Amino acid sequence: MNWLDKLERKIGRFAIPNLTVYLLVGYVIGFGVVYLMPEMLGYLTLEPALILRGQVWRLVSWLLIPPTTNLISLVFLILLYYSLGTALERTWGSFRYNVYIFSGLIFTVLAVFGLYAYISVRYDLYGLTVSLSSVGLVSTNYITMSIFLAFAAIYPDMEVMLYFILPIKMKWMALVYAVMAAYYFIRGGLETRVAIAASLLNFVIFFLSSRNTRRFGPRERARKARFKRQSEPRMKYSNGAKHRCAVCGRTELDDPCLEFRFCSKCRGNYEYCQDHLFTHEHVK
């Protein structure tokens, strides 16, 4: 059991279900702000200098900044990431999905503050003050792309309809994104490099620390579902009981304190309560 399993046992009940929906609703709200109240956009950005002066709401409000201001692109993005995000949450569970998304957000905030500190030191050497636009606008664009990468890592051979027309496998789309990210990382400015590195750090740390992610793969899930279908009919009795003594016929519904065990010496699957486990006559 790795650290994620241990953490889930302790605080898993606080996980937010359907987190993708909230993230995408934030995009819609931010899109409305851009077109209806563009002057409000300056109050939403992730600006470390202003946060340090008391505008702490910016630690959260930057999540409303949409990755694109094109309506058609935003609609395609919402449809795509709703399907990917919800499928990923069903595969991992709400808690692991929450950890993945929130860790990416935290890495981004820390990276922006680190960038601001770096720029501040450089400007102080020349006796200049840091411009508020030095860090630039930060959106959750690379966070949503990390969702795409995670889905491609688990379902590499799944086909999606690109723009509802062209079928393409997830692994090839992930490869294209990796090439594009490398290109922007090399050609982009310091802000772009920090944003890309933060999103990839989220992806790398999560998958390296989860050594048993194979159990979330489609083959393992299909195997578990097949085993559940095969075993459930044999384990259910009247009134929904799952255990029944082959001697006295009692179930866990008759006495919740009863313990049941299978006998290895009996030929067949015979289960006995603790009163008859050692006193029954073995079936040959």
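Residues numbered from 1 in each chain as written. Predicted model: local features only at pLDDT ≥ 70, side-chain atom pairs only at ≥ 80, totals over all residues. Heavy atoms only, no water.

A. Molecular detail of helix α7 (residues 141-154). An ideal rise of 1.5 Å per residue puts 20 Å on 14 residues; α7 measures up with 21 Å between its terminal C-alpha atoms. Inspection of α7 places Ile143, Thr144, Met145, Ser146, Ile147, Phe148, Leu149, Ala150, Phe151, Ala152 and Ile154 among the buried residues, and these make up the whole buried set. (Helix = DSSP H or I, 4+ residues; strand = E, 2+ residues; numbered from the N terminus. Expected span 1.5 Å × (residues − 1). Buried < 20%, exposed > 50% of the residue type's maximum accessible area, 1.4 Å probe, protein only.)

B. Expanded view of a nonpolar patch on the surface. A contiguous nonpolar surface patch, about 690 Å² in accessible area, is contributed by Tyr35, Leu36, Met37, Met40, Tyr43 and Trp57. Examined against the element boundaries, tyrosine 43 turns out to sit in the loop between α2 (19-36) and α3 (48-52). (Patch = residues over 30% accessible without salt bridge, like charges linked within 9 Å, V, L, I, M, F, W, Y side chains within 5 Å. Areas by Shrake-Rupley, 256 points an atom, 1.4 Å probe, with all protein chains shown as cover. Salt bridge = Lys/Arg side-chain N within 4 Å of Asp/Glu carboxyl O.)

C. Broad picture of the pattern of salt bridges. Going through the model one piece at a time under the given rule, you end up with three salt bridges. In this structure, aspartate 157 and lysine 171 form a salt bridge, with 3.2 Å as the shortest nitrogen-oxygen distance. Placement of the pair is aspartate 157 in the loop between α7 and β1 (159-162) and lysine 171 in helix α8 (residues 170-187), with a sequence separation of 14 residues. With a shortest N-O distance of 2.7 Å, arginine 250 and aspartate 275 are connected by a salt bridge. With a gap of 25 residues between them, arginine 250 in the loop between α10 (218-235) and β3 (260-262) and aspartate 275 in the segment after β4 (271-273) connect regions that are remote in the sequence. Judged by its relative accessible area of 28%, arginine 250 falls in the partly exposed class. Taking the relative accessible area as the measure of exposure, aspartate 275 reaches 42% and is therefore partly exposed.

D. Layout of the nonpolar core. By size, the foremost hydrophobic cluster in this structure holds 46 residues, and its most contacted members are Tyr81, Trp92 and Phe148. When contributions to this core are tallied by element, the ones reaching two or more residues are α2, α5 (71-92), α6 (94-125), α7, α8 and α9 (190-209). Examining the composition of this core, we find that nine residues originate from one element, α7, more than from any other. Not counting residues within four places of it along the chain, the set of residues in contact with phenylalanine 148 comprises Tyr81, Leu84, Met170, Met173, Ala174 and Tyr177. Counting eight residues, the second largest nonpolar core, distinct from the first, contains Cys245, Cys263, Cys266 and Cys273. (Core = buried A, V, L, I, M, F, W, Y, C linked by side-chain atoms within 4.5 Å. Contact = heavy atoms within 4.5 Å.)

E. Main features of the packing of α2 against α5. Two elements in contact, α2 and α5, have axes separated by 8 Å at closest approach and are oriented at 165°. As the angle between them shows, α2 and α5 are arranged roughly antiparallel. Note on packing geometry: the crossing formed by α2 with α5 is right-handed. Facing Leu19, Thr20, Val21, Leu24, Tyr27, Val28 and Phe31 of α2, the residues of α5 in contact are Leu71, Leu74, Leu77, Ile78, Tyr81, Tyr82, Gly85, Thr86 and Glu89. Classifying every residue of the contact of α2 with α5 gives twelve nonpolar, three polar and one charged. (Axes fitted to C-alpha atoms, helices over the stretch in contact; angles between N-to-C directions. Parallel < 35°, antiparallel > 145°, perpendicular 65-115°, else oblique. Left-handed = near helix turned anticlockwise from the far one by under 90°. Nonpolar A, V, L, I, M, F, W, Y, C, P; charged D, E, K, R; others polar.)

F. Structural detail: the packing of α7 against α8. For the pair α7 and α8, interaxial distance at closest approach is 9 Å and the crossing angle is 140°. Taken together, the axis directions place α7 and α8 in an arrangement best described as oblique. You can see that α7 and α8 cross each other, and the crossing is left-handed. Of the residues in α8, those in contact with Tyr142, Met145, Phe148, Leu149, Phe151 and Ala152 of α7 are Met170, Met173, Ala174 and Tyr177.

G. Focus on the confidence of the model for the chain. On average, residues of the chain score 79 in pLDDT, and 81% of them reach the 70 mark or higher. Per-element averaging of pLDDT across the chain places α10 at the bottom with 55 and α2 at the top with 91. In this model residues 125-136 is a low-confidence stretch, pLDDT under 50, and it forms 20 contacts with partners more than four residues away in sequence or in other chains. (pLDDT = per-residue confidence, 0-100.)

H. Region of interest: α5. Here α5 contains 22 residues, and its C-alpha end-to-end distance of 31 Å stays within 8% of the 32 Å for a straight helix at 1.5 Å per residue. Those residues of α5 lying buried are Leu74, Leu77, Tyr81, Leu84, Gly85, Thr86, Ala87, Leu88, Glu89, Thr91 and Trp92. For α5, the N-terminal cap is asparagine 70; the gap from its side-chain oxygen to the backbone nitrogen of isoleucine 72 is 3.1 Å. (Polar contact = N/O pair within 3.5 Å; in protein donor to acceptor, adjacent residues only side chain to side chain.)

I. View of unusual backbone geometry. Here the phi dihedral of asparagine 18 falls at roughly 55°; this positive angle occurs in a residue that is not glycine. Tracing the backbone through its elements, the reader meets asparagine 18 in the loop between α1 (3-11) and α2.

J. Region of interest: the side chain of threonine 91. Among the secondary structure elements, threonine 91 is positioned in helix α5. In this structure the side chain of threonine 91 is engaged in a polar contact, spanning 2.7 Å, whose partner is the side chain of tyrosine 155.

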